[in-house]
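Inside the fold
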Amino acid sequence: MGIITSQQLQNYYDIYRDKEVTYTKEVLRTLAVDPRQIYVKCNGAQWSCIINSTSFQMAKIIVGTKGGAYAAMAKKEPPPVSLRFYFTQQHDQPISFFVTGRITEISPYMSSSELAVITLTFTQRPPDDLIEKIGSMLEANSNAIRRKDERITITEDTKRRLNMSKDETIIFIQNVPRRCILRDISFSGAKVILLGIEKFIQGKDTILRIHFDEPDEIIQLPGHVVKTSPVEGRPEIIYACLQFDEANVPTSYRIRINSYLTTVRKNILNTVQQQQQQNSIQQAAPAQPAATQDNTAAASQDTAAPADAQPSTEAQAQQQSTPAEVPAQA
């Protein structure tokens, strides 16, 4: 993922401030949350808990009603509490921090008398790390619908930006593995080249595997073949267009596609702005020679003025020389 600017973080916070994210297994895996390291801290003690959901303004945790955490937080006037978040990173130190909040609601978990859901309302804006992780995931899910048909042609440059190790991969057609080459990918599908006969591949169920780096992972994308066409001059090789099963597309894949498309869009906007600035400078540039001509004309007039005054100086010299010649005549 690229570098997130402070403006982008503010946009995430403003747009998704009230959006509640439930921590399913996929969300835990996508955000790289270690649930064993989630704690709630109260009155100088801390207890492990289950994180149920969060937004940028609150969190819901699940605790046992017979434990010390519930006893400390279920008081009539409960003290302030802090919730510890813990995110793992593949090639770096884990990220952990506490978010301070106050208890605003306690309710049974699914009508259970042994578990309770405690709502913590944050008393301050959460750290940027939490905003970045949740915001980028929510943005990717949103753009997966709005920009689902935008295709990314696989080239050396796009592979580098997508952190894709190679374009050669494996596709399972009716559970039979076949080698293929990626031609383009999108939120909703992909286009591959492979050996085969069109009528035996058209409409078949598929699972496409793509290997990504940073972090290192192999993403499996279930779907089916919606269109095939032969490669010109090579009847044994065909193009196969795949449509992914939208409900089973991993969120981590959406985040990678969204990060690439967002970066490309920003680069295009920056290029357009720079071009507009250059055009404005070039349009203003022709006015300078006219000003130079005016200055030159003014300078020539100033120069001409002493030239016009030169005869008067010579006349003064003649007047001064006349008295000197008079005594000589005498």
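Description of the structure in this document. All chains use their own residue numbering, which begins from 1 and follows the written sequence. Per-residue local features are limited, in this predicted model, to residues with pLDDT of at least 70; the limit for side-chain atom pairs, both in listing and counting, is 80 or more; totals at the level of whole chains, interfaces and linings are taken over all residues. Excluding hydrogens and water, the side-chain values take into account all heavy atoms of the structure.

With that out of the way, let us pick up the packing of aromatic side chains. Here a Phe, Tyr or Trp ring, Trp counted by its six-membered ring, pairs with any other such ring whose centre lies within 6.5 Å, and the pair is stacked when the planes are under 30 degrees apart, edge-to-face when over 60, and tilted otherwise. Going through the model one piece at a time under the given rule, you end up with six aromatic pairs. With a centroid separation of 6.4 Å and an interplanar angle of 5°, the aromatic rings of Phe 85 and Phe 87 are classed as stacked. A single burial state applies to Phe 85 and to Phe 87, both of which are buried. For the pair Phe 244 and Tyr 253, a centre-to-centre distance of 6.0 Å together with 85° between the ring planes defines the contact as edge-to-face. For the pair shown, Phe 244 and Tyr 253 are each scored as buried. Through successive ring pairs, a cluster of aromatic residues spans Phe 85, Phe 87 and Phe 97. One cation-aromatic arrangement involves Arg 125 over Tyr 13; the distance from NZ or CZ to the ring centre is 5.0 Å. The rule is short: NZ of Lys or CZ of Arg within 6 Å of the ring centre and within 35 degrees of the ring normal puts a charge over the ring. One residue, Lys 191, lies across the ring of Tyr 239, its end atom 4.6 Å from the ring centre. Burial here depends on accessible area, computed with a 1.4 Å probe over protein chains only, as a share of the maximum for the residue type. Under 20% is buried, over 50% is exposed, and the range in between is partly exposed.

Covered by surrounding structure in strand S13 (residues 205-212) are Thr 206, Leu 208, Ile 210 and Phe 212 only, the residues Asp 205, Ile 207, Arg 209 and His 211 on the alternate face being uncovered. Pairing between strands is defined by DSSP: at least two bridges between the two strands are required. Counting from the N terminus, the helices are the DSSP runs of H or I reaching at least four residues and the strands are the DSSP runs of E reaching at least two. Of the pairings in the sheet, the one linking strand S10 (residues 168-173) to S13 comprises three bridges and is antiparallel in character. Residue pairing in the sheet places Phe 172 in a bridge with Ile 207 of S13. Two elements, S13 and strand S14 (residues 217-231), share eight bridges in a ladder whose sense is antiparallel. Its bridge partner lying in S14, Asp 205 is registered against His 224. The antiparallel pairing of S13 with S14 creates a hairpin that spans four residues between the two strands, and Glu 214 there sits at a positive phi of about 50°.

Attention shifts here to the nonpolar core. Within soluble globular proteins, side chains that are nonpolar generally end up buried alongside one another. Nonpolar cores were defined as sets of buried Ala, Val, Leu, Ile, Met, Phe, Trp, Tyr and Cys residues, with membership established by side-chain atoms within 4.5 Å. Of all hydrophobic cores here, the largest spans 40 residues; its most connected members are Tyr 23, Ile 61, Met 73, Leu 83 and Phe 85. When neighbours within four sequence positions are excluded, Phe 85 is seen to be in contact with Tyr 23, Ile 38, Ile 51, Thr 54, Ile 95, Ser 96, Phe 97, Val 99 and Leu 130. One finds Val 192, Ile 210, Val 249 and Ile 257 within the second-largest nonpolar core, a separate group that totals 30 residues. Should any heavy atoms of two residues lie within 4.5 Å, those residues are counted as being in contact.

Let us now look at the pattern of salt bridges. Any carboxyl oxygen of Asp or Glu within 4 Å of a side-chain nitrogen of Lys or Arg constitutes a salt bridge here. For the structure shown, the criterion picks out 11 salt bridges. Among the ionic pairs, Arg 151 bridges to Asp 184, the shortest N-O distance being 3.3 Å. With a gap of 33 residues between them, Arg 151 in the loop between helix H4 (128-146) and strand S9 (152-153) and Asp 184 in strand S11 (residues 176-185) connect regions that are remote in the sequence. The buried category is assigned to Asp 184, whose relative accessible area is 14%. A salt bridge links Arg 160 to Asp 157, with the shortest nitrogen-to-oxygen separation between them at 2.5 Å. With Arg 160 and Asp 157 both in helix H5 (residues 156-162) and three residues apart, this pair spans about one turn of that helix. Here the salt bridges share partners, and the residues they tie into one network are Asp 157, Arg 160 and Arg 161.

On to the sheet that holds strand S5 (residues 58-64). Taken in spatial order, the eight strands make up an open sheet running S1-S4-S5-S8-S7-S6-S2-S3, and their pairing is antiparallel. Edge strands, defined here as strands with exactly one partner in the open sheet, are strand S1 (21-22) and strand S3 (45-48). Bridge count for S5 against strand S8 (residues 115-122) is seven bridges, and the pairing is antiparallel. The residue bridging Ile 62 from the neighbouring strand is Val 117, located in S8.

Glancing now at the packing of H4 against helix H7 (residues 251-284). Each axis is a line fitted through C-alpha atoms, taken for helices only over the stretch in contact, and angles between the N-to-C directions span 0 to 180 degrees. Two numbers describe how H4 lies on H7: the axes approach to 8 Å, and their chain directions differ by 85°. Our classification of the angle between H4 and H7 gives roughly perpendicular. Contact residues: Ser 136, Met 137, Glu 139, Ala 140, Asn 141, Asn 143 and Ala 144 in H4; Thr 251, Arg 254, Ile 255, Asn 258 and Thr 262 in H7. By residue class, the composition of the contact of H4 with H7 is four nonpolar, six polar and two charged. Roughly parallel means an angle under 35 degrees; roughly antiparallel means over 145; roughly perpendicular covers 65 to 115; every other angle is labelled oblique. Each residue gets one label: Ala, Val, Leu, Ile, Met, Phe, Trp, Tyr, Cys and Pro are nonpolar, Asp, Glu, Lys and Arg are charged, and the others, such as Gly, are polar.

As for its position among the elements, Ser 82 is in strand S6 (residues 81-87). Setting aside chain neighbours within four positions, we find Ser 82 in contact with Tyr 39, Val 40, Lys 41, Phe 98, Val 99 and Thr 100.

With that settled, consider the environment of Ser 259. Mapped onto the fold, Ser 259 is located in helix H7. Linking Ser 259 and Arg 161, residues 98 residues apart in sequence, is a C-alpha distance of 9.2 Å.

Nothing here speaks to function; it is all geometry.
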